[in-house]
Amino acid sequence: MKHLLIYLQLLFAVTSVAQKPVIQYELSGGAGHYDYAPSAIEDEYGIRYMFLCQNKNPFEIVDHVYLFKGIPTAKGYVWQPGTEIIAPSATGWDKIHICDPDVRQLNFAYKGQQYHYIMTYLGVDQWFNHNQIGLAFSKAIEGPYTKYDGNPLVPYTDTTKWGVGQSTSIVLDSNTIQLFYSKSDTPRGRMYARNIKFVNGTIDIGQERVVPHLYPNTYFAYSEKYKFAVSEVRINQDKQIPTWVGNHVRLTRQVRDADMFDEKNDWTEMGLIGASQTRFPRNHNPGLLTDTKGYLIPGRDLIVYFTVAVTGDDWLWSYNLYSATYDHKKLGLP
């Protein structure tokens, strides 16, 4: 499973101008299935593509990447049944689970083929530890996706720790993405970023840099004026919830021109989703709806997708996907 380390009380303070979002149910894989870790993008026709983690066989805990396609209608979005997109390999670095998909539109020529979409994802070859980040290519958003033969893209050598994963990315230009991910190099983990370049069939993963002040399991989206980050956080202790699972989803904002690598903490809390809004004790594994390159859509409300769950023996099989919609004008968006 993808959850990372121990989430304790918030260890830092941020300015807060939080607003109350509109909460609603979105989709489920059905009885005996779990759904979490969404990567949601919307194309130019208004169709939404939700890539997420789901188990293939009922009540069997093996993560696969699934795609749910959302069609806009007069009554809102209607989600089609999920389709398996990528499965664990038979052998190798991603043979146990694959999860945490992040899909972006990027043209890249590789081995004589022209691809138009890339997916970064988490793969693991043992239970719980040694997660690494892989890459896959596709000519169409719905697949099929071909795994990069140079995987893992971002490796992790220590087999005794959780590793790296939970990736999200922003397309910076025609051949560069800014990749964010969690890494278990401290007791509670940290966020990192790299600028990865895809040029002439080669991939340069760039220098790794720490992103301070944000929890692991944080996902990003940019607008013209701001960077938005949505994080899974643990605000209080609850013996019914494992220490490695968050109970709140936190939306923060930073001015686009600010240096996210600076030690000065200038992130502002814009929203906090918890049981008081959802009525579920567990609220975690968030993602932001963006366009195909990781940017918020102008003139549209900001949507956070996240997973809710109950406590008790049925906790895993209650993993359903919800959304929280924030008024774009109150967020300072056009």
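Residues numbered from 1 in each chain as written. Predicted model: local features only at pLDDT ≥ 70, side-chain atom pairs only at ≥ 80, totals over all residues. Heavy atoms only, no water.

S.K.: I keep staring at the sheet that holds strand β9 (residues 113-124) and nothing clicks. Help me out?
M.R.: Two modes of strand pairing occur in sheets, parallel and antiparallel, and in both the strands are linked by backbone hydrogen bonds. Taken together, 4 strands build an open sheet; the order of strands is β8-β9-β10-β11 and the sheet is antiparallel. On the outer flanks of this sheet lie β8 (97-110) and β11 (146-147), each paired with one strand and no other. As paired elements, β9 and strand β10 (residues 131-138) share 8 bridges and run antiparallel to each other. Of the residues in β10, the one forming a bridge with Leu-122 is Ile-133. (Pairing = 2+ DSSP bridges. Helix = DSSP H or I, 4+ residues; strand = E, 2+ residues; numbered from the N terminus.)

S.K.: In this structure, what is going on with unusual backbone geometry? I would like to understand it.
M.R.: For residues besides glycine, phi is generally negative; the peptide bonds are generally trans as well. Look at the link from Gly-143 to Pro-144: it is a cis peptide, with omega at 5°. Structurally, the position occupied by Pro-144 is in the loop between β10 and β11. Cis peptide bonds are those with omega within 30 degrees of zero, and the linkage from Asn-151 to Pro-152 qualifies with 0°. Structurally, Pro-152 is set in the loop between β11 and β12 (164-173). Its identity as a non-glycine residue notwithstanding, Ala-37 has a phi of 60°, on the positive side. Take Ala-37: it is sitting in strand β3 (residues 35-42).

S.K.: What exactly am I supposed to notice about the packing of aromatic side chains here?
M.R.: For any pair of aromatic rings, geometry is given as the distance between the ring centres together with the angle between the planes. On inspection of all chains with the given rule, the structure shows 23 aromatic pairs. Taking 6.0 Å as the distance between ring centres and 70° as the angle between the ring planes, the aromatic pair formed by Phe-137 and Tyr-148 counts as edge-to-face. Of the two residues, Phe-137 sits in strand β10 while Tyr-148 sits in the loop between β11 and β12, which places them 11 residues apart along the sequence. For the pair Phe-137 and Tyr-148, one class covers both residues: buried. Judged by centre distance (6.2 Å) and plane angle (75°), the rings of Tyr-222 and Tyr-295 are edge-to-face. Taken together, the residues Tyr-222 in strand β17 (residues 218-222) and Tyr-295 in the loop between β21 (282-288) and β22 (302-309) connect sequence positions 73 residues apart. The structure contains a cluster of three or more aromatic residues connected by ring pairs, namely Tyr-34, Tyr-36, Phe-59, Trp-315, Trp-317 and Tyr-319. The side chain of Arg-48 reaches across the aromatic face of Tyr-77, ending 3.8 Å from its centre. (Phe/Tyr/Trp six-rings, centres within 6.5 Å; stacked < 30°, edge-to-face > 60°. Buried < 20%, exposed > 50% of the residue type's maximum accessible area, 1.4 Å probe, protein only. Lys NZ or Arg CZ within 6 Å of the ring centre and 35° of its normal.)

S.K.: Mind showing me how you'd approach the pattern of salt bridges here?
M.R.: It is possible for side chains bearing opposite charge to pair when their charged atoms get close. Under the defined criterion, the tally for this structure stands at 11 salt bridges. The shortest N-O distance in the salt bridge between Asp-102 and Arg-104 comes to 3.5 Å. By the burial criterion, Asp-102 is buried, and Arg-104 matches it. For Lys-111, the salt bridge is made with Asp-149, and the minimal N-O distance between the two is 2.2 Å. Remark: Asp-149 occurs in the loop between β11 and β12 and Lys-111 occurs in the loop between β8 and β9; sequence separation between them is 38 residues. (Salt bridge = Lys/Arg side-chain N within 4 Å of Asp/Glu carboxyl O.)

S.K.: Is there a simple way to explain the sheet that holds β21 in this structure?
M.R.: Taken together, 4 strands build an open sheet; the order of strands is β2-β23-β22-β21 and the sheet is antiparallel. Pairing within the sheet leaves two strands with one partner each, and these edge strands are β2 (22-27) and β21. In this sheet, adjacent strand axes meet at a mean angle of 35° when their direction is disregarded. As paired strands, β2 and strand β23 (residues 320-326) are joined by 5 bridges and run antiparallel to one another. Within β23, the position partnered with Tyr-25 by the bridge is Tyr-322. (Axes fitted to C-alpha atoms, helices over the stretch in contact; angles between N-to-C directions.)

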